[in-house]
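# Survey of secondary and tertiary structure
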Amino acid sequence: MSSFVTAFRLGVLVLLALVAVPAPGGAQDTNRPHPPSQDGDRLQGQVKLCSACHGENGIPQEKETPIIWGQHLGYLYLQLKDFKNGDRKNEQMGPVAEPLERVDMLALAEYFSKKAWPRTAQPPAKDDVALTAARANTAVGCTGCHQNQYRGEGTQARLAGQTREYLFKTMLEIRTGARGNNPGMTTLMKATSEEDIAALAEYLAGLRFSQ
Ligand code: HEC
Ligand code: HEC
């Protein structure tokens, strides 16, 4: 492991320790004034932690880390809740979500959902890849749930412009059940070949639409 990565991981651990303070609203809070900035400071501390992996400008540091800027509020909240209660397992997100209270998860989901989806340098898929992705969509009806142009909505994830490596990894994990928080998606991915999943990941990563 490079010293940069070691230093980076260490930094994240320090940030984790910093944000693991009790949530406001506990019994001890009722007797003292509640400065309006307190919740804002708490949120900013947590956002700083998120940015260490999900990116200061919305572009994640690692390609297998998903974009969360501009993702839908309902979907973001559900994923944080699933990481917290262990329905979705990930060694990086588990410890991050574990200390979060419901109010934190709602505030974070709202905060990130209001950001603009970042522009990545991922190129549009070539015609043959786009055709394979379109056929897979016809067979399974992805856009029936993920909406026109894979924009997502509410608790449905936006997929357009998501990081290719993350999309590929998470679809395979949904397929094997390693990511088992939505059994319906697991059934659909089992019915989709690995080649089609690769084409879908490439197509979705390069998909643009005007906001
Ligand atoms: C140590 C790095 C790290 C930190 C810090 C971190 N994340 Fe993550 N996050 C990840 C990784 C990696 C994944 C992908 C997990 C997987 O593959 O299942 C992820 C996934 C997510 C997802 C699911 C997105 C999707 O498309 O399904 C959400 C939501 C999320 N993180 C929110 C946050 C928030 C909010 C914070 C700050 C409180 C945060 N993360 C801090 C690394 C991190
Ligand atoms: C019946 C509705 C439905 C259909 C059809 C469907 N999905 Fe999904 N998909 C979902 C739901 C719901 C989730 C969120 C699962 C969760 O809560 O973890 C999801 C999650 C995903 C994710 C993870 C997103 C992220 O940010 O981690 C990907 C990728 C995905 N779907 C791709 C597809 C593709 C590609 C197809 C078509 C081959 C498809 N889905 C068809 C409902 C559907």
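None of these values were measured; they are calculated from a predicted model.

Once that is clear, we can look at the site of ligand 2. Taken together, 24 residues form the shell around ligand 2, and within it V140, C142, C145, A157 and N182 come nearest. When the residues that make up the shell around ligand 2 are grouped by side-chain class, the tally is 13 nonpolar, 11 polar and no charged.

Let us now look at the packing of helix 8 (residues 164-176) against helix 10 (residues 194-205). At their nearest, the axes of helix 8 and helix 10 sit 8 Å apart, and the two run at 145° to each other. Relative to helix 10, helix 8 is oriented so that their crossing is right-handed. Facing R164, L167, F168, M171 and L172 of helix 8, the residues of helix 10 in contact are I197, A198, A201, E202, L204 and A205. For the contact of helix 8 with helix 10, the per-class residue count stands at nine nonpolar, no polar and two charged.

This brings us to the site of ligand 1. Close contacts around ligand 1 come from 21 residues, with C50, C53, P66, Q79 and N90 the closest. Of all the secondary structure elements, the ones that give two or more residues to the shell around ligand 1 are helix 2 (37-54), helix 3 (73-85) and helix 4 (93-97). It is helix 2 that provides the largest number of residues to the shell around ligand 1, a total of six residues. Class assignment for the residues of the shell around ligand 1 results in 13 nonpolar, seven polar and one charged. When we break the shell around ligand 1 down by domain, the ones giving at least three residues each are domain 1 (3-22 + 37-113) and domain 2 (127-205).

Per-residue pLDDT for the protein chain has a mean of 87; in total, 81% of the residues score no lower than 70. Note that pLDDT drops below 50 for residues 1-7; the model gives that stretch one contact with residues more than four away or on any other chain. Below a pLDDT of 50 lies the segment residues 21-36, which in the model reaches eight contacts outside its immediate sequence neighbourhood of four places, other chains included.

Core analysis: the biggest nonpolar cluster contains 17 residues, and A133, L167, M171, L200, A201, Y203 and L204 have the highest contact counts within it. At the level of secondary structure, the elements contributing two or more residues to this core comprise helix 6 (127-140), helix 8 and helix 10. Setting aside residues no more than four positions away along its own chain, A201 makes contact with R164, L167, F168 and M171. Grouped together as the second largest cluster of nonpolar side chains are 13 residues, I68, W69, F83 and F112 included.

Our focus in this paragraph is the packing of helix 3 against helix 5 (residues 102-113). One way to put it is that helix 3 packs onto helix 5 with a least axis distance of 8 Å and a crossing angle of 140°. Looking at the two axes, helix 3 sits oblique to helix 5. Every pair of crossing elements has a handedness; the one defined by helix 3 and helix 5 is right-handed. Along the contact surface, helix 3 presents L73, L76, Y77, L80 and K81, while helix 5 presents M105, L106, L108, A109, E110, F112 and S113. By residue class, the composition of the contact of helix 3 with helix 5 is nine nonpolar, one polar and two charged.

Basis of the calculations
- Residues numbered from 1 in each chain as written.
- Chains lettered and ligands numbered in written order.
- Predicted model: local features only at pLDDT ≥ 70, side-chain atom pairs only at ≥ 80, totals over all residues.
- Near = placed C-beta within 6 Å.
- Nonpolar A, V, L, I, M, F, W, Y, C, P; charged D, E, K, R; others polar.
- Axes fitted to C-alpha atoms, helices over the stretch in contact; angles between N-to-C directions.
- Helix = DSSP H or I, 4+ residues; strand = E, 2+ residues; numbered from the N terminus.
- Left-handed = near helix turned anticlockwise from the far one by under 90°.
- Contact = placed C-beta atoms within 7 Å.
- Domains from an automatic or database assignment.
- pLDDT = per-residue confidence, 0-100.
- Core = buried A, V, L, I, M, F, W, Y, C linked by C-beta atoms within 7 Å.
- Buried ≥ 20, exposed ≤ 12 C-beta atoms within 10 Å, placed from the backbone.
- Parallel < 35°, antiparallel > 145°, perpendicular 65-115°, else oblique.

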